[in-house]
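Coordinate inspection notes
Below, each chain spelled out in residue letters.
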Amino acid sequence: MGVLNVTPDSFSDGGRFVDVSAALDHAERMIEAGAAIIDVGGESTRPGAAPVAADEEICRVIPIIEGLVSRGARVSVDTSKPEVIRAALSVGVHLINDVRALQSPGALEASAAGSAAICLMHMQGTPVSMQKAPAYQDVVIEVTDFLKARVEACVASGIDRNRLVVDPGFGFGKTLDHNLALLRGLPKIAAAIGLPILAGLSRKSMLSELTGRPVHERLAGSLALAFAALEGGARIIRCHDVAETSDVVKVWAAVRGRGGVT
Ligand code: 8Y7
């Protein structure tokens, strides 16, 4: 899954893809480099980022989703808002990627009305507060229980279980130790939930703690984390550096005798 930010304030690609044709070109390059899914986001979850109104988010993401769908790409929308979910479904989006796991009022109903896949992510707190003092008794158990409960809420709303993917939400209300515990706990989470796992670790600040490097020097660390996530059972890797991450997936698949992964 390649990240396509269409926000003027995203921490890593901020302001670089403002017009539709530039965004589509970047997506095209990610697809050529091996991305199976393009994740289009119009609101940054970075702490301190300005909130975006639904109509503004729709203006940012819908032309790009439409363009990508018409080119035959598989497209994900990174949003929590029911209005954006409905608009994206109406232009044929394939996956709803919600860092709030459809907990915003109306998001569950909006998603249930379509047939797209859904990624339910765990976050402790809100994007503004989440890194202030993340605390858990047992992060693996708590994240697993939360994701299970959200899966059940989806099923109770009429969403078929086979539409769902879960994500522990690396960096969303987690210290370095929490992130590492979740990475080690991926097989346990996968076994407990029985759904595909998506992992987003690309360029995240845990790599600053581990390597001391600024955001654009975290490629090697990101690739190491991608390999670790695959080893733990993750089946979708959300990343910025698609060509390099795609090589990691190919090498991992060969090492583990899982040829044919695309
Ligand atoms: C994730 C994500 C971000 C993630 C899923 C960033 C939108 C921050 N991270 N969605 N989104 N999982 N499912 O560093 O880890 O890219 S935004």
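On a predicted model such as this, the values are computed, not experimentally measured, just so you know.

Criteria and cut-off values
- Residues numbered from 1 in each chain as written.
- Predicted model: local features only at pLDDT ≥ 70, side-chain atom pairs only at ≥ 80, totals over all residues.
- Heavy atoms only, no water.
- Helix = DSSP H or I, 4+ residues; strand = E, 2+ residues; numbered from the N terminus.
- Rg over C-alpha atoms; globule rule 2.2 N^0.38 Å.
- Buried < 20%, exposed > 50% of the residue type's maximum accessible area, 1.4 Å probe, protein only.
- Contact = heavy atoms within 4.5 Å.
- Lys, Arg positive; Asp, Glu negative; His and termini not counted.
- Charge placed at Lys NZ, Arg CZ, Asp CG, Glu CD.
- Near = heavy atom within 4 Å.
- Polar contact = N/O pair within 3.5 Å; in protein donor to acceptor, adjacent residues only side chain to side chain.
- Areas by Shrake-Rupley, 256 points an atom, 1.4 Å probe, with all protein chains shown as cover.
- Nonpolar A, V, L, I, M, F, W, Y, C, P; charged D, E, K, R; others polar.
- Salt bridge = Lys/Arg side-chain N within 4 Å of Asp/Glu carboxyl O.
- 1 Å grid on protein atoms, 1.4 Å probe; cavity = no way out; pocket = protein on both sides within 12 Å on 5 of 7 lines; lining within 4 Å.
- Points joined across faces, edges and corners; volume = space filled by probe spheres on them.
- Axes fitted to C-alpha atoms, helices over the stretch in contact; angles between N-to-C directions.
- Parallel < 35°, antiparallel > 145°, perpendicular 65-115°, else oblique.
- Expected span 1.5 Å × (residues − 1).
- Core = buried A, V, L, I, M, F, W, Y, C linked by side-chain atoms within 4.5 Å.

This part is about the overall build of the chain. A tally of helices and strands in the chain yields nine helices and eight strands. Its C-alpha atoms give the chain a radius of gyration of 17 Å, within 12% of the compact-globule value 18 Å for 262 residues. Taken along its principal axes, the extent of the C-alpha atoms in the chain is 40 × 40 × 40 Å. The buried share among the 262 residues of the chain stands at 54%. Across the chain, the fraction of contacts at a sequence separation of at least 24, relative to all contacts at a separation of at least 6, is 63%. Counting 26 positive and 29 negative side-chain charges, the chain places the centres of these two groups 4 Å from one another.

Looking now at the site of the ligand. Asp78, Asn97, Asp167, Lys204 and Arg238 are the nearest of the 13 residues found near the ligand. Note that a nitrogen atom of the ligand is positioned 2.5 Å from one of the side-chain N or O atoms of Asp167. Starting from 410 Å² of accessible surface for the ligand in isolation, the protein chains cover 92%. Broken down by secondary-structure element, the contributors of at least two residues to the shell around the ligand are β5 (117-121) and β7 (197-200). Of the residues assigned to the shell around the ligand, the class counts are six nonpolar, three polar and four charged.

For the rest of this paragraph, the subject is the pattern of salt bridges. The final tally for this structure, using the stated rule, is nine salt bridges. Among the salt bridges present, the one from Arg71 reaches Glu28, with a minimum N-O distance of 4.0 Å. With Arg71 in the loop between α2 (54-70) and β3 (75-78) and Glu28 in helix α1 (residues 20-32), this residue pair connects regions lying 43 residues apart in the sequence. With relative accessibility at 31%, the residue Glu28 sits in the partly exposed group. A salt bridge links Arg60 to Glu56, with the nearest nitrogen and oxygen atoms 2.8 Å apart. In this pair, Arg60 and Glu56 are both assigned in helix α2, four residues apart and thus about one turn of the helix distant. Judged by its relative accessible area of 18%, Arg60 is buried.

Before going further, it helps to spend a moment on empty space enclosed by the protein. For the coordinates displayed, the defined rule picks out one cavity of 30 Å³ or more. By volume, the largest cavity is sized at about 60 Å³. If you trace the largest cavity, you find it lined by Leu201, Ser202, Ser222, Leu223, Ala226, Ile237, Arg238, Cys239, His240, Asp241 and Thr245. Sort the elements by how many residues they give to the lining of the largest cavity and helix α8 (residues 219-232) lands first, with three residues. Its residues assigned to classes, the lining of the largest cavity shows five nonpolar, four polar and two charged.

This next bit is on the side chain of Thr245. If you trace the backbone, Thr245 turns up in helix α9 (residues 242-255). For Thr245, a relative accessible area of 7% translates into the label buried. Leaving out residues up to four positions away in the same chain, Thr245 has contacts with Leu223, Ala226, Ile237 and Cys239.

On to the packing of helix α6 (residues 176-193) against α8, then. Contact geometry for α6 and α8: axes closest at 8 Å, N-to-C directions at 25 degrees. When the axis of α6 is compared with that of α8, the two are roughly parallel. Across the interface between the two elements, Leu183, Leu186 and Pro187 of α6 pack against Leu225, Ala228, Ala229 and Gly232 of α8.

Right, let's get into α9. Given a rise of 1.5 Å per residue, 14 residues ought to cover 20 Å, and the 20 Å separating the end C-alpha atoms of α9 matches this to within 8%. Lining the buried residues of α9 we find β1 (2-5), α1, α8 and β8 (234-238). At the exit of α9 stands Gly257, carrying a positive phi of roughly 70 degrees.

The next thing to look at is the nonpolar core. Ranked by internal contacts, the top residues of the largest apolar core, which has 71 residues, are Leu4, Val40, Ile65, Leu68 and Leu102. Not counting residues up to four positions away in its chain, the partners in contact with Leu102 are Ile85, Ile96, Ala107, Leu108, Ser111, Ile118, Leu120, Arg150, Cys154 and Ile159. Ranked by size, the runner-up nonpolar core spans seven residues in total, among them Leu95, Cys119, Val165 and Leu198.

Structural measurements only, silent on function.
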